Amino acid sequence: MHTSTKILLALAGAFALSGCQYDVLSPQGWVAGQERNLLLIATGLMLIVIVPVLIMAVYFPLKYRADRSDQSDYDPTFEHSTKIEVAVWGIPILIIIALGWLTYVYTHRLDPYRSLDHLNAGEPVEVQAVSLDWKWLFIYPEYGVASVNELAIPEGRPINFRLTSSTVMNTLSIPALGGMVYSMTGMETKLHLIADNTGTFFGRSAHYSGPGFSQMHFDTLSMTDEDFNAWIEKAKAEGGELTRTSYLALEKPTIDEPVSYYASVEAGLFDRVVEMCVEEGKVCMGHMMMQDELGGGGLEGIPAANAYSYDRARTIDGFGNPVELPELPTPDLEAFHEAFFNDPAAICGPEIINGYLSTEKKDNG
C-alpha cells in the first residue's frame, strides 16, 4: 500500500472519529470528574508496567538475537539476579497496593447511594425515574410535574434520583454527569449526580432491554435556576394529568416516544410503581411479603391468584407488541381440597403445604 494511501486512510479515520463524544473524558459534573480522575490515575499506574514490557518485548529480541556479531555478554551460567527479582516482583506489588487503595477510596466516595451534601452546592432536587418499554419517565415530586424522555435539572444543584422499572431490568446512564445505575422491577435504587455547567447532555438506557432499546434515550437539560423554573411552568401549562390510569396507558410498549409533559402527578404513584400495584385490585409487594411472613394465603388464596400476577399483563413478542394472555382460571376449591387431603405432596409444593398448615393452625387457635 502506498504511503499516500495510508495517509488518506488515517485522515479519513480521524475525520470519522471527530464526531464522537468523549463524555467520560470531558466531565460536566463533580461525580463524572471524580470518575475521570480514577480512570486516568488507574491507567497511568498500569502503564508503568505495560510501557516497559512493550519496550522490552522489542528491545531484548533485537539485542540478544542469535546472529548478532558480538556475543561476549553471553553467560550460560546465569541463574539469578536479586535486582531483577526486586524489580519484577516489587514494582507490580506496589502498583497493586496503590490500585487497591484508590479503589477503596473512590468506591466509598462515589457510592451512588451517597448524597452530595458535602459539596454544599445548594438545595437538591428530587427526581423519581421509571424505565418503561422503551422510554423514560421522570417525576418531580416537589413540583408535582413529570416528563417523558426529557430530564431538566438546575445547574450546580445535586439531583437525588430514586429509580425503578416497570418491566425488565434497565440502567440510567448520563456519561457527562456520572456512571450508570440499575433500575429493577419491584425494587428501588438511588443515584446522586450534579451538573457543574449548563448544556444538553445525552442520556440513555445502557442495558439491552428489547427491540426498542436503541431508541431509549433522552436529553438532559442543565439550566440556570430561572430557566429550570420556567421549564416547570411550561410542563404545568402544556401537560396532562399523570394518574394511575394514564400511567398504565403510558406503560404500554412504544418505540421512539416523543417528549411529553404532565402538569400533575397522582400522590404516591411512584411508590405504587415500586410496589407493583398501580393496577386496581393488585396486591402491593409490601403486603405480599407480609402475607408470606404470616404463612401465606393457603389454599383459600388460590382463587385470588390474579391479584398477585404482574408479568402476564406485560408479556410482549419479539417485536415489542403486547401479547394478550388468558386470565388465570379460578379452580374448583372444593375439588382441590379433596385432592389436597388425599395426597397433598402431589398437589402442592412444601411451601404451600406449610403455609396452609400454619394458616389452619392459626384459625383453630
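Predicted, not measured: the structure shown is a model, and the values here were computed from it.

**Quick word on the UniProt feature "transmembrane region" (unreviewed entry) in the protein**
Step number 1: UniProt tags residues 37–62 and 86–106 as "transmembrane region" (unreviewed entry).
Step number 2: Split by type, residues 37–62 is 100% helix and 0% strand. Its first and last C-alpha atoms lie 37 Å apart.
Step number 3: Measuring from the first to the last C-alpha atom of residues 86–106 gives 29 Å, for a span that is 100% helix and 0% strand.

**Regarding the nonpolar core**
Step number 1: Residues Val127, Phe138, Tyr140, Leu151, Phe161, Leu172 and Trp231 are the most contacted members of the largest nonpolar core, which totals 41 residues.
Step number 2: Apart from residues no more than four positions distant in its own chain, tryptophan 231 is found in contact with Tyr140, Ser147, Glu150, Ala152, Leu221, Met223 and Tyr261.
Step number 3: In this structure, Val130, Leu132, Ala146 and Val148 belong to the second largest nonpolar core, which totals 15 residues.

**Brief notes about the sheet that holds strand E3 (residues 145–148)**
Step number 1: Pairing is mixed across the open sheet formed by 7 strands, whose spatial order is E8-E5-E1-E2-E3-E12-E11. Every other strand in the sheet has two partners, leaving strand E8 (189–193) and strand E11 (240–242) as the edge strands with one partner each. Each adjacent strand pair in this sheet contributes to an overall mean axis angle of 30°, direction not counted.
Step number 2: Sheet strands touched by helix H4 (residues 225–238): strand E1 (125–132), strand E2 (135–140), E3, E11 and strand E12 (260–265). Its angle to E12, the strand with the most contacts, is close to 85°.

**Focus: helix H5 (residues 244–251)**
Step number 1: Along H5, the positions that sit buried rather than exposed are Arg244, Ser246, Tyr247, Leu250 and Glu251. All buried residues of H5 project into a common sector of 160° when viewed along the axis, lining one side.
Step number 2: Summarising the contacts, the buried residues of H5 are in contact with E1, E2, E3, E11, E12 and helix H6 (269–275).

What counts, and at which threshold
- Residues numbered from 1 in each chain as written.
- Predicted model: local features only at pLDDT ≥ 70, side-chain atom pairs only at ≥ 80, totals over all residues.
- Heavy atoms only, no water.
- UniProt positions renumbered as here; feature names shortened; annotations may be inferred.
- Helix = DSSP H or I, 4+ residues; strand = E, 2+ residues; numbered from the N terminus.
- Core = buried A, V, L, I, M, F, W, Y, C linked by side-chain atoms within 4.5 Å.
- Buried < 20%, exposed > 50% of the residue type's maximum accessible area, 1.4 Å probe, protein only.
- Contact = heavy atoms within 4.5 Å.
- Pairing = 2+ DSSP bridges.
- Axes fitted to C-alpha atoms, helices over the stretch in contact; angles between N-to-C directions.
- Arc of directions from axis to C-beta.

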